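Survey of secondary and tertiary structure
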Amino acid sequence: MRRSVSSFRGRLTFAMVLVAVLVVGAVGAAVAAFEVAAAERRARANLETLTLLVLRSIEPSVDFDLPDEAAQRLAQLEGAEGVIGARLFRAVGSSRLELFANYSRAGIQPVLGIGMPVEGFRSDGNRGVHARSVYRGEAPVMLLEIEADLATFRRGVGALLALLGTALVLATLAALYLARTLQRSVSRPLNELVAVARRVREQGDYAERARVQGDDEFAELAIAFNQMLEAVRARGRELEDSHRQLEERVGERTAELNRRVEEVERLNHHLSSLMRDLQASQGEAERIAADLRISNTRLMVANQELEAFSYSVSHDLRAPLRNISGFIELVRRRAPAESLPPEVARHLGIVASETVRMGALIDDLLSLSRIGRTQMRWQRVELPELLEEVKAELAHELGGRRIEWVINPVPACHGDRALLRQVVANLVGNALKFTRNRAVACLQLGCLEDGAGVEYFLRDNGVGFNPAFADKLFRVFQRLHNPREFEGTGIGLAIVQRILARHGGRIRAEACEGEGACFYFRIGQSPEIAGNNPT
Amino acid sequence: MPEVPRVLVVDDDPAGCELTLAALFEVMPGCLADACVDGIDLFRTLQRPGQSLPSLILLDLKMPCMDGIEVLARLRADPSFRSIPVVILTSSDLESDIHRSVELGANAYVLKPVDSGAFLELMRDLSRFWILWNRRARC
């Protein structure tokens, strides 16, 4: 442990010694000064008293002019301690003094009592001299001067100073001892605290505790120090905890981040492979779309060619048929039936009617092929109106038949009026044909509405058909009945289906054999309406 | 004595042509009727020297080499044949054919019916109308 003046112990010792020295010194100095002054005052008073006494006793010797007596009296000053010499003057005239008698201690030369005396006390520090006159009236008659050694009176002061010096030394020693004791009780706990603090600092062990002794301020300090250590330790623990938590969290976050990064990389990888797949399938899709476009174009061309072909075929078929029919007519005109053998006439009739049938077939084929070729004219169409028109057209063919028409109000539809009229005409024609054997034919036009739109229907009470063959109904040349029983080309319903398909609609049929048939059909929407309403 | 009506039938189908001629003779006994197998034959017939203009031409549309539309266009473009009534007698009901014929100045457009009785009726009506019209125009 380094010790120096700047250490607490040094400073304490220094302060205490200084205080002791100062106090004792100051008191000593004051006492000495007072004693010196008092000694001088005492010496002066003694000298003045002595001078007065000697003057009273010597006065008669002067009055009676006895200088020896005076000298004897002065010599009695031998016994007065400290007196060195005395001079007695007698006034001569008004202002002159003449020595009358004197005394001086053997071996000691007067210092002040030389020359002309001066009334009063004088001193040069070591010697003092007092002169006093005796007045009669206004004028002094005699003057006595006594010189004394002041050291005699100061002898007590020296002893006092010695006493003071002893006291000073004692006080210093006492101060040193006190300082040491005090230091012990003050600096030891402090030093202990310092040691504890150093240990704490050097070893970082905050579990270290200062010893608490007694219940003074140092104990309080130690307690406060310990509390501070505890607080620091707690803070340190908290700090460690939070640091550890922070590290754990950082670790967790880092792990999480790594996981995320891995996941992102995996996703990225996945994404890029998806992108590759997508690009590949996009390329594929584009190729397919291109192929599709090409085959679509080819299909359209083929379809157009087919329609043109069927048109020209039916057209070319019609010419010879017309010729056959014309020549048969010519034959019949030139050779009336009566002139021919009956068998020949019958055969001729069959040829004629077959010609008519073939004509009807060709006409139907032509109109079937025309459906795809004509331009659609979209407009609002009321089906009951079309039905009325068809009814009016057929009126002359239906003379005598009992027909019950039930026409329910149905929503208007959009389509090509001419084509839809053909639909209605074909369906009604069909229904009338197959109700031919009924006493009262019953035809009903109505509709059903569902989420997909309106489904119209035309129901009859005719002979119906076998539902097993319902799907064959709409194929070209498909017939479900014997042509001898019910004539027909087998194209009418195919035309109906083709027209509805061109409208984006469709048709189906329900029936039981012998219990009537019902044709349900939907008419699509015009392109602009379909565009506005995607349903 | 009234002028004998003369009808030219232009049709590449010989049977059809014969039938048309037969129908004409049936409805107008005593008329003069000639058949031309195509447009070239028709113009040859028309330009034969010493021939009077026909009272009526029955013109088919679908013919090889020169079709009916071209024949009609040439007839209408030629000042000497412009006034001859031309009736298109065809089995084509294509709108384009009908429009074109009317534009070029066909006097009638008739679809060949398959029903021979109806055909005879038609021939009768047509030839009567146009022959009468012709006669009046020449007076």
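Everything in this summary refers to the structure shown in the same document. (Residues numbered from 1 in each chain as written. Chains lettered and ligands numbered in written order. Predicted model: local features only at pLDDT ≥ 70, side-chain atom pairs only at ≥ 80, totals over all residues. Heavy atoms only, no water.)

**Regarding helix 1 (residues 14-27) of chain B**
Residue and element names in this part refer to chain B.
- Along its 14 residues, helix 1 runs 20 Å from first to last C-alpha, staying within 8% of the 20 Å computed at 1.5 Å per residue.
- Those residues of helix 1 not exposed but buried are Gly16, Cys17, Leu19, Thr20, Leu21, Ala22, Ala23, Leu24 and Val27.
- Where helix 1 begins, one side-chain oxygen reaches toward the backbone nitrogen of Ala15, 3.3 Å away; that side chain belongs to Asp13. (Helix = DSSP H or I, 4+ residues; strand = E, 2+ residues; numbered from the N terminus. Expected span 1.5 Å × (residues − 1). Buried < 20%, exposed > 50% of the residue type's maximum accessible area, 1.4 Å probe, protein only. Polar contact = N/O pair within 3.5 Å; in protein donor to acceptor, adjacent residues only side chain to side chain.)

**As for the pairing of strand 11 (residues 506-511) of chain A**
Residue and element names in this part refer to chain A.
- Of the two faces of strand 11, only one is covered, namely that formed by Ile507, Ala509 and Ala511; the face formed by Arg506, Arg508 and Glu510 stays uncovered.
- With 6 bridges joining them, strand 11 and strand 12 (residues 517-522) adopt antiparallel strand pairing. Bridge pairing in strand 12 places Arg508 opposite Tyr520.
- Counting the residues between successive antiparallel strands, the hairpin from strand 11 to strand 12 contains 5 residues, one of them, Gly514, with a positive phi of roughly 85 degrees. (Pairing = 2+ DSSP bridges.)

**A short note on the pairing of strand 9 (residues 441-450) of chain A**
Residue and element names in this part refer to chain A.
- Bridging between strand 7 (residues 403-407) and strand 9 involves 5 bridges; their strand directions are parallel. Note on strand 9: the bridge partner recorded for Ile403 is Ala441.
- Between strand 9 and the antiparallel strand that follows it, strand 10 (residues 453-460), lie 2 residues.

**Describing helix 3 (residues 151-203) of chain A**
All names here are of chain A.
- Between its terminal C-alpha atoms helix 3 stretches 72 Å, which fits the 78 Å expected from 53 residues at 1.5 Å a residue.
- Maximum bend of helix 3: about 35 degrees, positioned at Ser187, with proline Pro189 one to four residues after it.
- Of the residues trailing helix 3, Gly204 is marked for its positive phi of about 65 degrees. (Bend = angle between axes of the 7 residues up to and from the residue.)

**Focus: the interface of chain A and chain B**
- Of the residues lining the interface, 18 residues belong to chain A; the matching set on chain B comes to 20 residues.
- A combined buried area of about 1700 Å² lies between chain A and chain B, and 52% of that area is made up of carbon and sulfur atoms.
- Here A:Arg333 ties to B:Glu26 by a salt bridge, and the two come within 3.2 Å at their closest N and O atoms.
- Seen at the junction of chain A and chain B, the total is 2 residue pairs in polar contact (both at pLDDT 80 or more).
- Per element, the largest residue contribution to the side of chain A that touches chain B is 15 residues, and it comes from helix 4 (residues 217-334) of chain A.
- In terms of residue class, the side of chain A that touches chain B is built from 5 nonpolar, 4 polar and 9 charged. (Contact = heavy atoms within 4.5 Å. Buried area = accessible area lost by both parts, 1.4 Å probe. Salt bridge = Lys/Arg side-chain N within 4 Å of Asp/Glu carboxyl O. Nonpolar A, V, L, I, M, F, W, Y, C, P; charged D, E, K, R; others polar.)

**Things to note about unusual backbone geometry**
- Positive phi outside glycine occurs at A:Asp65, with the angle close to 60 degrees.
- Locating A:Asp65 in the fold gives a position in the loop between helix 1 (8-63) and helix 2 (67-75).

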